[in-house]
Amino acid sequence: MGDPLLSKQQARRFLLAHQELWPPHGLSGKEGVLRFIRRAGCIQFDPLNIVGHNQELVLQSRVKDFRPGMLTGLLYGDRRLLDGWDKNMSIYPVEDWPCFARCREADRRSLADRCPQALSVAPMIKRHIEEHGPVSSADLPLAETVDWPWAPTRLSRAALESMYFWGDLVVHHKVHTRKIYDLADRHLPAGIFAAPDPNQTEADYHDWYVLRRLGGIGLVADRSGEAWLGITGLKAQQRSAAFARLLERGKIRAVRVEGLAAPLYFRTQDKPALDRVLAGDQPPARAAVLAPLDNLLWDRRLIKELFDFDYRWEVYKPAGDREFGYYVLPVLYGDRLIARFEPGRDKKGGMLIIKNWWWEPGVKPTARLRAALGRCFTKFLAFCGGDAVRVEPPARPAVGWLAE
């Protein structure tokens, strides 16, 4: 018996259901935040804040009453979430700490080779924190400039980041984008901090990580691409071997999608969501503003194939090379990505600004769609803490519905 064949619409709806972007929309409060992040494994962190940080934008589209303070509380008050390296800079559940032991050890080796000065001052920094409490790089008199993976930097920063990556420190809290570090064993439960690596072999680690990344997205092909960014030590051959083992053990399943040459894979535990989609329910379409590094968009090639939506985050492109704008967010309606827009904030006046708006080809802004977008932006405005929306040219004709 061959793999099940899905239409592109069914595949889109399963992806959205897995991502909590398809009804029922049942997430709320801190427990809703935890439920989604535990399902996805992690959400990406980014320091840019145009209308909210990426991690907050991910959650506002899924958790109906989300406010940024919920995430801050879970990270630095309740300590149920942790800043760490997963899909690049990320936030993940604290109970996942033991699974990243191999990543921390790899960082210890590579950073010690790259910046031996950091290794030499680490004991002094640890004593300083034991005596004086949490510190930032500005609190340490280590002004020497040293080589660092991103760019030459102060020894204080390189040392603190090294100790963070190899697991001696955690982020205690942040002041805007400045990290304040403390000793990891002060904030991680002893049973988690000292727990052995549950992945006893390298193959176990690869299987765990492939399964984790499938959970982060929903449907994934066994092919190179952005879906696999951030995974330490996983090469294409090792990834394919992990897919084969997971299939044999029944941990994942394969499906075919019309028009796609390669099979897609999903976690067996997520099959109930696929069954609901295949039942053919037609819930009312809802609109949502997505984050630029949203979990749904981690495999941009797949999004192009299933949604016919070609999205690139252009913040690092020179202005003259951008197709759209500096910080552009996708807009979801039902099971389609129907538009993108460039937002801004009038921080003095409290307004949300729509600088530009681009409908996708073929989208007809019906009265029902405009009403859904109106509800969406009322919710988005509340998330932003704004009091009004200002639509600027050339966006004004495209989003006249905001004035209705």
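Everything numeric in this text was worked out from a predicted model, so none of it was measured.

Calculation rules
- Residues numbered from 1 in each chain as written.
- Predicted model: local features only at pLDDT ≥ 70, side-chain atom pairs only at ≥ 80, totals over all residues.
- Heavy atoms only, no water.
- Pairing = 2+ DSSP bridges.
- Helix = DSSP H or I, 4+ residues; strand = E, 2+ residues; numbered from the N terminus.
- Contact = heavy atoms within 4.5 Å.
- Axes fitted to C-alpha atoms, helices over the stretch in contact; angles between N-to-C directions.
- Core = buried A, V, L, I, M, F, W, Y, C linked by side-chain atoms within 4.5 Å.
- Buried < 20%, exposed > 50% of the residue type's maximum accessible area, 1.4 Å probe, protein only.

(A) Region of the structure containing the sheet that holds strand β2 (residues 43-44). The strand order across the open sheet formed by 3 strands is β2-β4-β3, and the pairing between neighbours is antiparallel. Both outer strands of the open sheet, β2 and β3 (81-86), are each paired with one neighbouring strand and no more. The sheet contact formed by β2 and strand β4 (residues 88-93) spans 2 bridges and is antiparallel. Looking at β4, one finds that Gln44 is bridged to Ser90. Sheet strands in contact with helix α4 (residues 68-76) are β3 and β4, and its direction is about 85° off that of β3.

(B) A look at the nonpolar core. Trp357 and Phe380 are the most contacted members of the largest nonpolar core, which has 132 residues in total. Top element by residues in this core is helix α13 (residues 367-384). It accounts for 9 residues.

(C) View of the side chain of His206. Structurally, His206 is set in helix α9 (residues 202-217). Judged by its relative accessible area of 4%, His206 falls in the buried class. Contacts of His206, omitting those with residues within four sequence positions, involve Gly233, Leu234, Gln238, Ala242 and Arg245.

(D) Region of interest: the side chain of Asp207. Its location among the elements puts Asp207 in helix α9. Setting aside its immediate chain neighbours within four residues, Asp207 contacts Ala242, Arg245, Leu246 and Arg249.

(E) Representation of the sheet that holds strand β13 (residues 336-346). Judged by pairing direction, the sheet is mixed, and its 5 strands sit side by side in the order β11-β12-β13-β14-β15 without closing on themselves. Looking at the sheet topology across the chains shown, the edges are occupied by β11 (287-289) and β15 (388-391). In this sheet, adjacent strand axes meet at a mean angle of 35° when their direction is disregarded.

(F) How the structure looks around unusual backbone geometry. For the peptide bond that leads from Pro23 to Pro24, omega is 5°, which places it in the cis range. Looking at the secondary structure, you find Pro24 in the loop between α1 (8-18) and α2 (29-40). Between Pro393 and the following residue, Pro394, the backbone shows a cis peptide bond with an omega angle of 5°. Mapped onto the fold, Pro394 is located in the segment after β15. The backbone phi angle of His176 is positive, close to 60°, even though this residue is not glycine. For His176, the position within the fold is in the loop between β7 (169-175) and β8 (178-183). On the basis of relative accessible area, His176 is assigned to the exposed category, the value being 73%. Phi at Asp308 is positive, roughly 55°, even though this residue is not glycine. Its location among the elements puts Asp308 in the loop between α12 (300-307) and β12 (329-333). Taking relative accessible area as the criterion, Asp308 reaches 51% and is therefore assigned exposed.

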